[in-house]
Amino acid sequence: RAVLGEREADVELTMLLDNGTDLHSFQPAVKDIMKVSGCDLLIYVGGESDEWIEDALKSAQNKNMKTINLMEDEKEYDEHVWTSLRNASTVCDAIAETLTEMDPENKDIYRSNEEAYQKKLANLGLFAAVAIIFGYVESLIPFFAGIPGMKLGLANLAVLFILEKYTWKEAA
């Protein structure tokens, strides 16, 4: 959505999994396989949980479909690729590149949106690092201050700052 930006209104964007659905136990219905079969761009996690997609792609109606497998370039085999800001950056680039190939007329929009989102990801990474550092520093304070159990909540303040800077949806 972030890379599409204003172009989101011009596409039919479909999530096969509802929010909160466990990827590991998802069983596609026939309607899901039909959606995959006819789409122009399919972005999927890959790995064991998405083995059914390979079969769906073999029998896809749209032979010109573009696909992005989020685990394709993974050095470590982990289906939870979305938990890494570094992976999010790589995926964001892959989506922008693929959209640009598919719709070169709007490449400037996609690249501009990608650049803006990459900046948000970088800032979010910095804020997360600050929260981790604050947590570490806070763990040292009781030792140096000689007050057992003393906590200032520095890491919590950093997390609250992140949530203030970004909406919950962006921070998650």
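Residues numbered from 1 in each chain as written. Predicted model: local features only at pLDDT ≥ 70, side-chain atom pairs only at ≥ 80, totals over all residues. Heavy atoms only, no water.

Overview of the overall build of the protein chain
Here's step 1: Counting its regular elements, the protein chain contains six helices and two strands.
Here's step 2: Written out in order from the N terminus, the α and β elements of the protein chain read α-β-α-β-α-α-α-α.
Here's step 3: The buried share of the protein chain, reckoned over its 172 residues, is 30%.
Here's step 4: Of the contacts formed within the protein chain by residues at least 6 apart in sequence, a portion of 59% connects residues at least 24 apart.
Here's step 5: For the protein chain, the accessible surface area stands at approximately 11900 Å², while carbon and sulfur atoms represent 55% of it. (Helix = DSSP H or I, 4+ residues; strand = E, 2+ residues; numbered from the N terminus. Buried < 20%, exposed > 50% of the residue type's maximum accessible area, 1.4 Å probe, protein only. Contact = heavy atoms within 4.5 Å. Areas by Shrake-Rupley, 256 points an atom, 1.4 Å probe, with all protein chains shown as cover.)

Brief notes about the packing of aromatic side chains
Here's step 1: One pass over the full model with this rule turns up one aromatic pair.
Here's step 2: For the pair F26 and W52, a centre-to-centre distance of 6.0 Å together with 50° between the ring planes defines the contact as tilted. In this pair, F26 is assigned in the segment before helix 1 (30-38) and W52 in helix 2 (residues 51-58), connecting sequence segments 26 residues apart. Like F26, the residue W52 is buried in the burial classification. (Phe/Tyr/Trp six-rings, centres within 6.5 Å; stacked < 30°, edge-to-face > 60°.)

A look at the confidence of the model for the protein chain
Here's step 1: For the protein chain, per-residue confidence averages 81 on the pLDDT scale, and residues scoring 70 or more make up 78% of the total.
Here's step 2: Summarising per-element confidence for the protein chain, the mean pLDDT is lowest in helix 6 (residues 168-171) (50) and highest in strand 2 (residues 66-69) (92). (pLDDT = per-residue confidence, 0-100.)

Observations regarding the nonpolar core
Here's step 1: Core analysis: the biggest nonpolar cluster contains 13 residues, and V3, V45, L70, I95, L99 and Y110 have the highest contact counts within it.
Here's step 2: In terms of residues, this core owes the most to one element, helix 3 (residues 85-102), which gives four residues.
Here's step 3: Leave out the neighbours within four places in its chain, and L70 touches I43, Y44, V45, V81 and V91.
Here's step 4: In this structure, F26, L42, Y44 and A60 belong to the second largest nonpolar core, which totals ten residues. (Core = buried A, V, L, I, M, F, W, Y, C linked by side-chain atoms within 4.5 Å.)

Regarding the pattern of salt bridges
Here's step 1: Using the criterion set out here, one finds eight salt bridges in the structure.
Here's step 2: Here R7 ties to D103 by a salt bridge, and the two come within 3.2 Å at their closest N and O atoms. Of the two residues, R7 sits in the segment before helix 1 while D103 sits in the loop between helix 3 and helix 4 (107-145), which places them 96 residues apart along the sequence. Neither R7 nor D103 differs from the other in exposure class; each is buried.
Here's step 3: Where E115 meets K119, a salt bridge forms, and the shortest distance between an N and an O atom there is 3.9 Å. In this pair, E115 and K119 both sit in helix 4, four residues apart, roughly one turn of the helix.
Here's step 4: By relative accessible area, which is 51% here, K119 ends up exposed.
Here's step 5: Connected via shared salt-bridge partners are R7, D10 and D103. (Salt bridge = Lys/Arg side-chain N within 4 Å of Asp/Glu carboxyl O.)

What to know about the side chain of D50
Here's step 1: Relative to the elements of secondary structure, D50 occurs in the loop between strand 1 (41-44) and helix 2.
Here's step 2: Buried charge D50 goes without a salt bridge, the closest partner of opposite sign being K35 at 15 Å.
Here's step 3: Here V45 takes part through its backbone nitrogen, which lies 3.1 Å from a polar atom of the side chain of D50.
Here's step 4: Each residue touching D50, except ones within four places of it in the same chain, is listed here: L23, Y44 and V45. (Lys, Arg positive; Asp, Glu negative; His and termini not counted. Polar contact = N/O pair within 3.5 Å; in protein donor to acceptor, adjacent residues only side chain to side chain.)

Notes on the environment of S84
Here's step 1: Within the secondary structure, S84 is located in the loop between strand 2 and helix 3.
Here's step 2: Assessed through its relative accessible area of 24%, S84 is described here as partly exposed.
Here's step 3: Sequence separation of S84 and G125 is 41 residues, and the distance between their C-alpha atoms is 9.5 Å.

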